[in-house]
Amino acid sequence: MKRLAFAGVAFALALSAQAQQPNPMDNVPDKMPNDIPYGTPVSLATAQHALNAALAESTKRGWKLNVAVVDSGANLVAFARQDGAQLGSIQIAEHKARAAAKYRRETKAFEAGVQAGNNYLLTLDDVIASRGGILLMDGGKIVGAIGCSGGTGSQDEVVCKAGASAVNK
Amino acid sequence: MKQRPMLTLDDCRKISAAAEAEAKKNNWIVSIAILDDGGHLLHLVRMDGASPFNARTAIAKGKTAAETRRSTLVWEDRIKGGRTSMLGMPKITPVQGGLPIVVDGTCIGGVGVSGVQSHEDEQIARAGIDALK
C-alpha cells in the first residue's frame, strides 16, 4: 500500500514535469507551411519522360521497381512494372506519388516525422511514411508526382530522383 | 514442369504503343492498361484529356479479362442476355473493352481500354494485342 502511494506521487511529479515543457505542437507559425501552388496536370509525354528516366536508372543499377506518375490532381497518368518487380509495390508506388501530390511534399517528410516520434502523422488521410515519392514541378507549380517502390526506401528514392530531375524545371 | 510465356515490360510497351497509335489514328482519347495473368498491373497510359475514371476503368476491364481469361464483352453479353445473377460474380467489370492476351493457347494477361464507345475501346485493345504477333 505504501509502495503504491509512493508510485502515485512519482507519477504525479512526472506529469507536472512534463507539463512544464512547452509542447512544440502548440507553436503557431505566421505563414502557411508548404504553400506551393498546384499547376496544370502533367502531360502524358512529360510523365512518360520522367517514368522512362527512372526506369533507365533502375535498369542501370540492376534493380527491379514499380514506377508510377500521377498528375496535379493525384490521379494516375502512367505506370510501369519492371520485369520481376514485386507485386506489393504496384500499389505502393502509386500511393507514394499520390501522397506527395496531395500533401505537396516528398513522402520522405512523413518518414522523417514518424522517425522523430510524430506518430500522429500516420493518422492523416492517405499518408505513406516512406521515402520514394517526389513532386514534379514546372515554373514553381506542382504538375504531378512520381513514386517508386520495390527496393529499400533508399533505392526507391534514388530512382525517383532520377525520374523527377529529368523533367523538373 | 509446365512452362508458360510471360509478358515483359518491352512487350507491354509494344502493346501500349500500338494501342495508343490506333486511338490517335481515330482521334480518340483513352486510357490503356496492361495486366499480368494474376490481374496485377504491369503498364498504364492515360492519354492527355482522358479522365481519372478512364484510367480506373481501363484497369478494371483489363483485370476482368486477365483473371477470367475471356473478353469482357462475353460477360456483358451474358448479363444482357438475361443472366443478371452474373452481376454478383466477385469483382468483375462486365463492360466491353477488355481482352485477354492469349499466346500459344495460354492467357498471359489482359488489356483494358476506356475512353470512347465500348466497341471502339475493344478495337484499340485488339490493335495493341496484335502488335505482339
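Predicted model, so just to flag it, every value in this text is computed and none were measured.

(A) Expanded view of the confidence of the model for chain B. Looking at chain B as a whole, the pLDDT averages 97, with 100% of positions reaching at least 70. In the predicted assembly, ipTM is 0.95 and pTM is 0.91.

(B) Up close: the pairing of strand 1 (residues 31-36) of chain B. Residues and elements named next belong to chain B. A large share of strand 1 lies buried, amounting to six of its six residues. Going residue by residue along strand 1, you find S31, A33 and L35 tucked away on one face and I32, I34 and D36 tucked away on the opposite face as well. Pairing geometry for strand 1 and strand 2 (residues 41-46), over five bridges, is antiparallel. The residue bridging I32 from the neighbouring strand is V45, located in strand 2. Linking two consecutive strands that pair antiparallel, namely strand 1 and strand 2, is a turn of four residues; a positive phi of about 80 degrees is found at G39 within it. Of the strand pairs in this sheet, strand 1 and strand 4 (residues 106-114) are connected by six bridges, and their pairing is antiparallel. Pairing of S31 across the sheet is with S114, part of strand 4.

(C) Up close: the pairing of strand 2 of chain B. Within strand 2 of chain B, six of the six residues are buried, leaving the element largely enclosed by the surrounding structure. As judged from the three bridges shared by strand 2 (residues 76-81) of chain A and strand 2 of chain B, these two strands associate in the antiparallel manner. In the sheet register, F79(A) faces strand 2 of chain B, and the bridge partner there is L44(B).

(D) Spotlight on helix 2 (residues 44-60) of chain A. Residue and element names in this part refer to chain A. Its 17 residues give helix 2 an end-to-end C-alpha distance of 24 Å, which sits within 8% of 24 Å, the value for a rise of 1.5 Å per residue. Along helix 2, the residues classified as buried are L44, A47, A50, L51, A54, L55, E57 and S58. Buried positions in helix 2, seen along its axis, are confined to an arc of 160 degrees and lie on one side of it. Residues of helix 2 that are exposed and point over 90 degrees away from its buried face: A45, T59 and K60. Just downstream of helix 2 lies G62, where phi reads positive at about 75 degrees.

(E) Geometry of the sheet that holds strand 4 (residues 141-149) of chain A. Spatially, the eight strands line up as an open sheet ordered 3(A)-4(A)-1(A)-2(A)-2(B)-1(B)-4(B)-3(B), and their pairing is antiparallel. Taken across any chain shown, the strands that pair with only one partner, and hence form the sheet edges, are strand 3 (133-138) of chain A together with strand 3 (98-103) of chain B. Neighbouring strand axes in the sheet, compared pairwise and without regard to direction, differ in orientation by 20 degrees on average. Sheet topology places strand 1 (residues 66-71) of chain A next to strand 2 of chain A; five bridges connect them, and they run antiparallel. Bridged to N66(A) within strand 2 of chain A is R81(A).

(F) Geometry of the side chain of E111(A). All names here are of chain A. Along the chain, E111 falls in helix 4 (residues 108-115). Within the structure, the side chain of E111 is placed 2.6 Å from the side chain of R131, a separation counted as a polar contact. Once you skip the residues sitting within four places of it in the chain, E111 turns out to touch A129, S130 and R131.

(G) Here's a closer look at the pattern of salt bridges. For the structure shown, the criterion picks out 20 salt bridges over all chains. The salt bridge involving D36(B) is made with R81(A); its shortest N-O contact spans 2.9 Å. You can see D36(B) sitting in strand 1 and its partner R81(A) sitting in strand 2, one on each of two chains. Since its relative accessible area comes to 13%, D36(B) is described here as buried. Between D156(A) and K96(A) there is a salt bridge whose closest N-O contact spans 3.0 Å. With D156(A) in helix 5 (residues 153-167) and K96(A) in helix 3 (residues 88-103), this residue pair connects regions lying 60 residues apart in the sequence. Neither D156(A) nor K96(A) differs from the other in exposure class; each is buried. What emerges from the salt-bridge pattern is a single network uniting E94(A), R98(A), K102(A) and D126(A).

(H) Spatial organisation of helix 4 (residues 118-130) of chain B. Residue and element names in this part refer to chain B. With 13 residues, helix 4 should reach 18 Å at 1.5 Å per residue; the first-to-last C-alpha distance of 18 Å fits that figure. Burial in helix 4 covers these residues: E120, D121, E122, I124, A125, G128 and I129. Where helix 4 is buried, its residues meet helix 1 (9-25), helix 2 (52-68), helix 3 (72-80), strand 3 and strand 4.

Thresholds applied
Residues numbered from 1 in each chain as written. Chains lettered and ligands numbered in written order. Predicted model: local features only at pLDDT ≥ 70, side-chain atom pairs only at ≥ 80, totals over all residues. Heavy atoms only, no water. pLDDT = per-residue confidence, 0-100. Buried < 20%, exposed > 50% of the residue type's maximum accessible area, 1.4 Å probe, protein only. Helix = DSSP H or I, 4+ residues; strand = E, 2+ residues; numbered from the N terminus. Pairing = 2+ DSSP bridges. Expected span 1.5 Å × (residues − 1). Arc of directions from axis to C-beta. Axes fitted to C-alpha atoms, helices over the stretch in contact; angles between N-to-C directions. Polar contact = N/O pair within 3.5 Å; in protein donor to acceptor, adjacent residues only side chain to side chain. Contact = heavy atoms within 4.5 Å. Salt bridge = Lys/Arg side-chain N within 4 Å of Asp/Glu carboxyl O.

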